[in-house]
Amino acid sequence: MAGALAILKDIFRSRFPEAAAPRLFRAPGRVNLIGEHTDYNLGFVLPIAIDYACYTASAANGRGELRVYSETMGQGREWPLEGLAGVPPSGDWSDYPLGVANQLLRAGYDIPAVDLAIHSTLPLGAGLSSSAAIEVAAALALLGGREIEPRELALLARRAENQFVGTPCGIMDQYVCVHGEAGSAIEIDCRDVTHRAVRLPEAVRVVAVNSMVKHELGGSAYVDRVRECSEAVAAIAERFPDVQSLRDIDSERLQSLRPSLRELPFHRARHVTTENGRVHAFVAAAAHGDLRRMGALFIASHRSLQYDYEVSCAELDFLVDTALTIPGVYGARLTGGGFGGCTVNLVAPEALPQFEERMRGSYQAKFGIDPQIFPCDAAAGAGEIFE
Ligand code: GLA
């Protein structure tokens, strides 16, 4: 973190030389352990916040403008505060800070005239939730220390993503970014928008492996899955009117509908119902330190995403299948939306060097790509940094 802060302060000083010493904020990325594509179906997810994060620095500029500079993009934008609420999205990175400014205004907060610099240590498009991190880090900077309920902050950042950026994501990424806890995963109930912390056994490392690919298909397929799930709910509700989301149906009732449901909605719904069950089973296994069971649930989750939900791709399947041949690996699965991005692996600490070497060697030989490998510790959620 010290290195990232030093970079951030340098950028701030060189972009905004006349500004006072800035306030500093951090918002982490995440790795989802289990519960994939369940959040927008109002089910359960179990992510950890990670040490890789988005950092923002902000100070008043007294110019009646919001000025934002992204170090990652090497670009700046400025908007007069007057009329800010009416500025439309432009389809690039600036929609994240502008989207949260827009939502803050709607929620009744005024936006101060500030200079804001952004620096992220999260790889973009890797499925580690760099978007939620920039949203939350920008929101904290624009709030400048004003009080906001953590849950409200997460909901507000999600609205920026849904309504301004235009991605119909669930609540997982923004919520864990705000509520993450060092040493624990967060089990989120996405219907109630509440959580509880789940301690992870110490005898295992969580390791993300970045496939370094992001298939174009990803964005449109995500929208398709959201739609397919609501179509599945509509079909199920014809028989079981109490079902308002895929959260409300268990595997047994779903199975009883198999003859009357079309194949595709059945498979999508089966993924979601079984995945919700796997989250609960994983939490129970973690409480007992049952690493084998945790690993088996990872593998079952991946197969369900691969065959029932169809959001995997050749690179992710290869990374998972390769990991499972390495001694000391308990389980592996894709994490995040799919179609590229990262896998998450449960690895015995002593097996880590061999894991890294074998994963690198195999992936390089098969796809000619060097994967990034991130051993991850569960980190704290977003907040101001006081030095
Ligand atoms: C993306 C979305 C999340 C969630 C995952 C899949 O990361 O932003 O809300 O739906 O995909 O679990």
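Residues numbered from 1 in each chain as written. Predicted model: local features only at pLDDT ≥ 70, side-chain atom pairs only at ≥ 80, totals over all residues. Heavy atoms only, no water.

Focus: the domain arrangement of the protein
Where the parts come together, the accessible area they lose is often given as the size of the interface.
Here is step 1: Domain annotation of the protein identifies domain 1 (2-201 + 380-385) and domain 2 (205-376).
Here is step 2: On a C-alpha basis, the centres of domain 1 and domain 2 stand 26 Å from each other.
Here is step 3: Across the contact, 35 residues belong to domain 1 and 43 residues belong to domain 2.
Here is step 4: Considering only the side of domain 1, the residues that lose the most area to domain 2 are Ile 34, Glu 36 and His 37, jointly responsible for 21% of the buried surface there.
Here is step 5: At the surface where domain 1 touches domain 2, the tally comes to three salt bridges.
Here is step 6: Of the charged contacts, one joins Arg 191 and Asp 248 as a salt bridge, the two residues approaching to 2.8 Å between their closest N and O atoms.
Here is step 7: Between the two partners, domain 1 and domain 2, sit 17 residue pairs in polar contact (both at pLDDT 80 or more).
Here is step 8: Put simply, the parts of the chain that give the side of domain 1 that touches domain 2 at least two residues each are strand S1 (23-34), strand S2 (44-60), strand S6 (184-189) and strand S7 (194-199).
Here is step 9: Here the side of domain 1 that touches domain 2 takes six residues from S2, the largest share from any one element. (Domains from an automatic or database assignment. Contact = heavy atoms within 4.5 Å. Buried area = accessible area lost by both parts, 1.4 Å probe. Salt bridge = Lys/Arg side-chain N within 4 Å of Asp/Glu carboxyl O. Polar contact = N/O pair within 3.5 Å; in protein donor to acceptor, adjacent residues only side chain to side chain. Helix = DSSP H or I, 4+ residues; strand = E, 2+ residues; numbered from the N terminus.)

Here's the deal with the site of the ligand
Here is step 1: Taken together, the residues surrounding the ligand are Arg 30, Glu 36, His 37, Asp 39, Tyr 40, Cys 169, Gly 170, Met 172, Asp 173, Tyr 222, Gly 336 and Gly 337.
Here is step 2: Contact between the ligand and Arg 30: an oxygen atom at 2.9 Å from a side-chain N or O atom of the residue.
Here is step 3: A distance of 2.7 Å separates an oxygen atom of the ligand from a polar backbone atom of His 37.
Here is step 4: The cavity that encloses the ligand is the largest pocket. (Near = heavy atom within 4 Å. 1 Å grid on protein atoms, 1.4 Å probe; cavity = no way out; pocket = protein on both sides within 12 Å on 5 of 7 lines; lining within 4 Å. Sits in = over half its atoms within 2 Å of the grid points.)

Some details on the packing of helix H3 (residues 130-143) against helix H5 (residues 172-179)
Here is step 1: It is the contact of H3 with H5, at a shortest axis distance of 9 Å, that shows an interaxial angle of 55°. Taken together, H3 and H5 sit at an angle that is classed as oblique. For the element pair H3 and H5, the recorded crossing hand is right-handed. Residues Ala 132, Ala 133, Glu 135 and Val 136 of H3 touch H5, and the partners they reach there are Asp 173, Gln 174, Cys 177 and Val 178. (Axes fitted to C-alpha atoms, helices over the stretch in contact; angles between N-to-C directions. Parallel < 35°, antiparallel > 145°, perpendicular 65-115°, else oblique. Left-handed = near helix turned anticlockwise from the far one by under 90°.)

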